[in-house]
Amino acid sequence: MTTFRIGEAASLLGVSPDTVRRWVDIGRLPAHRDEHGHRTVAGVDLAAFASAQIETERGSNRSSARNRFRGIVTEVIRDAVMAQVEIAAGPYRVVSLMSRQAADELGLEVGVVAIAVIKSTNVVIEIADHTHLVSP
């Protein structure tokens, strides 16, 4: 079974290690001590916790797209017809090409909070080099 140290779990959840420790201390996230006394979180427990944390966007906009990344606009490049908009969503960089008219109508400028909604028929998944895998 895959397990993660507190720092690794924090990185995957996008929070600080202290936040994960607090969640463990109050029983919100299950953890165990390894043979060295370090707290570890089982991969299945971390996945269940992460799934429970996913916020579903609610409102009048109904969509079949499930991949939503809230972030801040960091760059907007406009020409006569098109615009390239870059959003920093946590540690992720999302770039969108759209019509200049759409970018203007949305008021997309550096510093604006926006949500990148992604729907794709082709998603590539890679496995990270995880050197701290622990097996029982």
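Residue positions are counted from 1 within each chain, in the order its sequence is given. Local features in a predicted model are, by the rule used here, given only for residues with pLDDT of at least 70; side-chain atom pairs are given and counted only at 80 or more, and totals for whole chains, interfaces and linings are based on all residues. Side-chain numbers here rest on the full set of heavy atoms in the structure, without hydrogens or water.

Colleague: What's the story with the pattern of salt bridges in this structure? I'm lost.
Modeller: Should their charged atoms come close, side chains of opposite charge can pair. Here, a salt bridge means any Lys or Arg side-chain nitrogen found within 4 Å of an Asp or Glu carboxyl oxygen. In this structure the tally under the stated criterion is six salt bridges. Measuring nitrogen to oxygen at the nearest pair gives 2.7 Å for the salt bridge that ties R78 to D104. Of this pair, R78 sits in strand β4 (residues 67-78) while D104 sits in helix α4 (residues 100-106); the two residues are 26 residues apart in sequence, bridging distant segments of the chain. In this structure, E86 and R93 form a salt bridge, with 3.1 Å as the shortest nitrogen-oxygen distance. To sort residues, take the accessible area from a 1.4 Å probe on protein chains only and compare it with the maximum for the residue type: under 20% means buried, over 50% means exposed, and anything in between is partly exposed. Overall, the relative accessible area of 15% leaves E86 in the buried class. Linked by salt bridges that have partners in common, R78, R100, D104 and E109 make up one network. The helix and strand labels rest on DSSP assignments: H or I over at least four residues marks a helix, E over at least two residues marks a strand, and numbering proceeds from the N terminus.

Colleague: How do you make sense of the layout of surface pockets when you look at a structure like this?
Modeller: If a probe the size of a water molecule is rolled over the atoms, the empty space left behind becomes visible. Taken as a whole, the second largest pocket holds about 200 Å³ of empty space. A cavity here means a set of points on a 1 Å grid, drawn over the protein atoms and nothing else, where a 1.4 Å probe fits but cannot get out; a pocket is an open set with protein on both sides within 12 Å along at least five of seven lines, and a residue lines either one if it has an atom within 4 Å of a point. Taken together, V85, I87, V94, V95, S96, M98, L106, L108, A114, I115, A116 and V117 form the lining of the second largest pocket. Put simply, the parts of the chain that give the lining of the second largest pocket at least two residues each are β5 (82-89), β6 (92-99) and β7 (113-118). Of the residues in the lining of the second largest pocket, the class split is eleven nonpolar, one polar and no charged. Grid points are joined across faces, edges and corners, and a volume is the space filled by probe spheres set on the points. Lys, Arg, Asp and Glu make up the charged group, whereas Ala, Val, Leu, Ile, Met, Phe, Trp, Tyr, Cys and Pro make up the nonpolar group; the residues left over, Gly among them, are polar.

Colleague: Which parts of the structure should I look at to understand the sheet that holds β6?
Modeller: Consider a sheet: its strands pair through backbone hydrogen bonds, and that pairing is either parallel or antiparallel. Pairing is antiparallel across the open sheet formed by four strands, whose spatial order is β6-β5-β4-β7. Of all strands in the sheet, those bounded by a partner on one side alone are β6 and β7. Here the average twist between neighbouring strands, direction ignored, is 45°. Should DSSP find at least two bridges between two strands, the strands are taken to pair. As paired elements, β4 and β7 share six bridges and run antiparallel to each other. In the strand pairing of β7, N67 is matched with I118. Helix axes use the C-alpha atoms of the stretch in contact, all axes being lines fitted to C-alpha atoms, and the angles between their N-to-C directions lie in the range 0 to 180 degrees.

Colleague: Hey, could you run me through the pairing of β6 in this one?
Modeller: The sheet contact formed by β5 and β6 spans eight bridges and is antiparallel. Bridge pairing in β6 places Q84 opposite L97. Following β5, the chain reverses through two residues before pairing antiparallel with β6; G90 in that reversal takes a positive phi of roughly 65°.

Colleague: I would appreciate a short explanation of the packing of aromatic side chains in the present structure.
Modeller: Within a pair of aromatic rings, the relevant descriptors are the distance that separates the centres and the angle that separates the planes. Each aromatic pair joins two rings of Phe, Tyr and Trp (for Trp, the six-membered one) with centres within 6.5 Å, and gets the label stacked for planes under 30 degrees apart, edge-to-face for over 60, and tilted for any other angle. Overall, the coordinates contain two aromatic pairs when judged by the stated rule. Between W23 and F49, the ring centres sit 4.9 Å apart and the planes meet at 50°, which makes this aromatic pair tilted. Linking W23 in helix α2 (residues 17-25) with F49 in helix α3 (residues 43-53), this pair joins segments that are 26 residues apart in sequence. Note on W23: relative accessible area 14%, which makes it buried. Take F49: its relative accessible area is 6%, and that puts it in the buried class.

Colleague: Explain the environment of P17 here, please?
Modeller: As for its position among the elements, P17 is in helix α2. Along the backbone, P17 and I6 are eleven residues apart, and their C-alpha atoms lie at a distance of 5.9 Å. With sequence-adjacent residues up to four places away left out, P17 is seen in contact with I6, G7 and A10. Contacts were defined at the residue level, with two residues in contact if any of their heavy atoms lie within 4.5 Å.

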